[in-house]
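This is what each chain is made of:
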Amino acid sequence: MGKNHNGYFGEFGGRYAPEILTEALEELEATYQKLKNSKKFQKEYSYYLKNYVGRPSPLTYAERLTKNWGGAKVWLKREDLNHTGAHKINNAIGQALIARYMGKKRIIAETGAGQHGLATATVGAMFGLETVIYMGAVDVKRQNLNAKKIEMLGAKILPVTAGEATLKEATSEAMRDWALNVSTTHYIVGSAIGPHPFPTIVRDLQSVIGAEARSQFKKATKSLPDAVIACVGGGSNAIGMFHAFLKDKNVKIFGAEAGGLGPKPGEHSATITYGQTGFLHGTKTLIIQDKSGQIVPAHSVSAGLDYPGVGPEHAYLSKSGRVDYRMVTDEEALDSFLEVSRIEGIIPALETAHAFFIAKDIAKKLGKKKQIVICLSGRGDKDVTEVLRLLGEKK
Ligand SMILES: *Cc1c(COP(=O)(O)O)cnc(C)c1O
């Protein structure tokens, strides 16, 4: 375990991975440095974003939400309209291209809600790569439609039954696989987490979200938004959205993390609110842990936010005060899920519903003269069964 690497965001980040991964991480870093500045790679990446994913995604003015909330004008960055229904594909395509440049014939990934597994299985099929997806057994059940789609696309799902059988365990298993198969395999990490260079690569590949949103907003209004808002699991849609706005001092930035059932350990995934500095999956970041440093199981109604750590750049942006992170409970997210569906005609992912909940409060406080942009990270088709079950429980 070495500390003498780049990839720090303030005190967070770095590379704290097992020795066996050092060579693979260094190869990835070197390849990425080259590709990042390569016109050919950038052209290829843009080609697939446009012609396969359907970018640029629209920036939609949400007329009815604006009217109903009675405050700031509400704009939506529509990552739900991407092929496969979420922002995950932006990263999966980029990393599959990197894998191809490295001559790797096999890709693996972890998945929570199944959106990253779906995106990876999709690009695996499109590029003709053998694809294996690690998914917690609990998530295979609660995100069954995505699990079935992944298999239909020709990828193999390996359900993980250890521990809580959710995203953290799936990530650990994927890392283990990578360590054993580094010569043939690239691990497409699905969020802005993991050892350096993953948080940087994922952020760069997702920053198309904020770059597009910023220029679309400017074109439509001749100004910049007063606030941008995104939900934060590992933090990839959020960092992708935020990055273009970090230097715009007048743009307030907000992240919504999962407050789950309440403040007790084990009831939430509110890493920034309740976490402490520690090490998880090869990076130094904020983690939900007990007094002896043991990781406490995370909980969220949304499988994609159900992770006890957060990307190191978010830990840094929270410490520096640039981004204001707030918690949203399961119940509040569920309310927003239904509200946005009924008022705007868009069924959002349960993850995204967390962002909508804080957006409502922010819009009201800012007032009618201001404007906000919400990253609509994904569509909610995958959550319909789970939401119906939860509503049934409440009756
Ligand atoms: C995976 C997922 C998230 C959470 O992941 P981040 O890396 O924090 O973006 C949020 N929204 C949707 C729709 C997702 O699929």
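See the structure above.
Residues numbered from 1 in each chain as written. Predicted model: local features only at pLDDT ≥ 70, side-chain atom pairs only at ≥ 80, totals over all residues. Heavy atoms only, no water.

Caption draft 1: Representation of the site of the ligand within the structure. Around the ligand sit 17 residues, and of these Lys88, Ser191, Gly233, Gly235 and Ser236 come closest. Interatomic distance of 3.0 Å between a side-chain N/O atom of His87 and an oxygen atom of the ligand. Ser191 is positioned with one of its side-chain polar atoms (N or O) 2.6 Å from an oxygen atom of the ligand. Among the residues making up the shell around the ligand, the classes are represented as four nonpolar, eleven polar and two charged. (Near = heavy atom within 4 Å. Polar contact = N/O pair within 3.5 Å; in protein donor to acceptor, adjacent residues only side chain to side chain. Nonpolar A, V, L, I, M, F, W, Y, C, P; charged D, E, K, R; others polar.)

Caption draft 2: The pattern of salt bridges, seen in detail. This structure, assessed with the given rule, holds 26 salt bridges. One salt bridge in this structure joins Lys382 and Glu351, with 2.8 Å as the shortest N-O distance. Here Glu351 lies in helix H15 (residues 350-366) and Lys382 lies in the loop between strand S14 (371-376) and helix H16 (384-394), a separation of 31 residues in the sequence. This pair shows no difference in class: Lys382 is buried, exactly as Glu351 is. Among the ionic pairs, Arg389 bridges to Glu386, the shortest N-O distance being 2.9 Å. Residue Arg389 and its partner Glu386 are located together in helix H16, separated by three residues, close to a single helical turn. With relative accessibility at 43%, the residue Arg389 sits in the partly exposed group. Of the residues examined, Glu386 reaches a relative accessible area of 12% and is grouped as buried. If you follow the salt bridges from partner to partner, you end up with Arg55, Lys77, Glu79 and Glu212 in one network. (Salt bridge = Lys/Arg side-chain N within 4 Å of Asp/Glu carboxyl O. Helix = DSSP H or I, 4+ residues; strand = E, 2+ residues; numbered from the N terminus. Buried < 20%, exposed > 50% of the residue type's maximum accessible area, 1.4 Å probe, protein only.)

Caption draft 3: Looking closely at the side chain of Thr285. Within the element layout of this structure, Thr285 appears in strand S12 (residues 283-287). Classification of Thr285 as buried rests on a relative accessible area of 1%.

Caption draft 4: Representation of the environment of Lys156. Tracing the chain through its elements places Lys156 in strand S7 (residues 156-160). With 24 residues separating them in the primary sequence, Lys156 and Val132 have C-alpha atoms 4.8 Å apart.

Caption draft 5: Representation of the pairing of strand S9 (residues 227-231) in the model. With respect to burial, S9 is a largely interior element, five of its five residues being buried. Residues Ala227, Ile229 and Cys231 line one face of S9 and the alternating positions Val228 and Ala230 line the opposite face, and both faces are buried. What joins S9 to strand S10 (residues 252-260) is helix H11 (residues 236-242), and the crossover it makes is right-handed. Examined bridge by bridge, S9 and S14 share three bridges and lie parallel to one another. Looking across to S14, one finds that Ala227 is bridged to Ile372. (Right-handed = clockwise from strand over helix to strand, strands pointing away. Pairing = 2+ DSSP bridges.)

Caption draft 6: Broad picture of the sheet that holds S9. The strand order S3-S4-S14-S9-S10-S13 describes an open sheet built from six strands, whose pairing is mixed. Where the open sheet ends on each side, the last strands, each with one partner, are strand S3 (59-61) and strand S13 (323-329). Pairs of neighbouring strands in the sheet enclose a mean axial angle of 25 degrees, with direction left out of account. Here S3 runs beside strand S4 (residues 73-78); their pairing, made up of three bridges, is antiparallel. Among the inter-strand pairings, Tyr61 is bridged to a residue of S4, identified as Trp75. The strands touched by helix H14 (residues 330-344) are S4, S10 and S13; relative to S13, the strand with the most contacts, the crossing angle is about 95 degrees. (Axes fitted to C-alpha atoms, helices over the stretch in contact; angles between N-to-C directions. Contact = heavy atoms within 4.5 Å.)

Caption draft 7: Just the nonpolar core, in detail. Ile93, Ile98, Val123, Trp178, Val228, Met241 and Phe242 are the most contacted members of the largest nonpolar core, which has 74 residues in total. With seven residues, helix H4 (residues 88-101) is the largest single contributor of residues to this core. In contact with Trp178, other than residues within four places in its own chain, are Leu21, Ala24, Leu25, Ile108, Thr185, His186, Tyr187 and Phe198. Val74, Ile229, Leu350 and Leu390 belong to the second-largest nonpolar core, a separate cluster that totals 34 residues. (Core = buried A, V, L, I, M, F, W, Y, C linked by side-chain atoms within 4.5 Å.)

Caption draft 8: Quick peek at a nonpolar patch on the surface. A contiguous nonpolar surface patch, about 250 Å² in accessible area, is contributed by Ile347, Val384 and Leu388. Position of Ile347 among the secondary structure elements: in the loop between H14 and H15. Among the residues examined, Ile347 registers a relative accessible area of 41% and is labelled partly exposed. (Patch = residues over 30% accessible without salt bridge, like charges linked within 9 Å, V, L, I, M, F, W, Y side chains within 5 Å. Areas by Shrake-Rupley, 256 points an atom, 1.4 Å probe, with all protein chains shown as cover.)

Caption draft 9: A look at the sheet that holds strand S8 (residues 185-187). The strand order across the open sheet formed by four strands is S7-S6-S5-S8, and the pairing between neighbours is parallel. Sheet topology places S7 and S8 at the edges, where each strand pairs with a single neighbour. Here the strands of the sheet are splayed against their neighbours by 20 degrees on average, with no regard to which way each runs. Pairing geometry for strand S5 (residues 106-111) and strand S6 (residues 130-136), over six bridges, is parallel. Bridge pairing links Ala109 to Ile133 in S6. Helix H5 (residues 115-127) contacts S5 and S6 of the sheet and is inclined by roughly 165 degrees relative to S5.

Caption draft 10: Representation of H14 within the structure. Over its 15 residues, H14 runs 21 Å from end to end, which matches the ideal 21 Å to within 8%, given 1.5 Å per residue. By the burial criterion, the buried members of H14 are Asp330, Ala333, Leu334, Ser336, Phe337, Glu339, Val340, Ser341, Ile343 and Glu344. Next to the buried residues of H14 lie helix H3 (63-69), S4, S10, S13, H15 and H16. Of the residues trailing H14, Gly345 is marked for its positive phi of about 75 degrees. (Expected span 1.5 Å × (residues − 1).)

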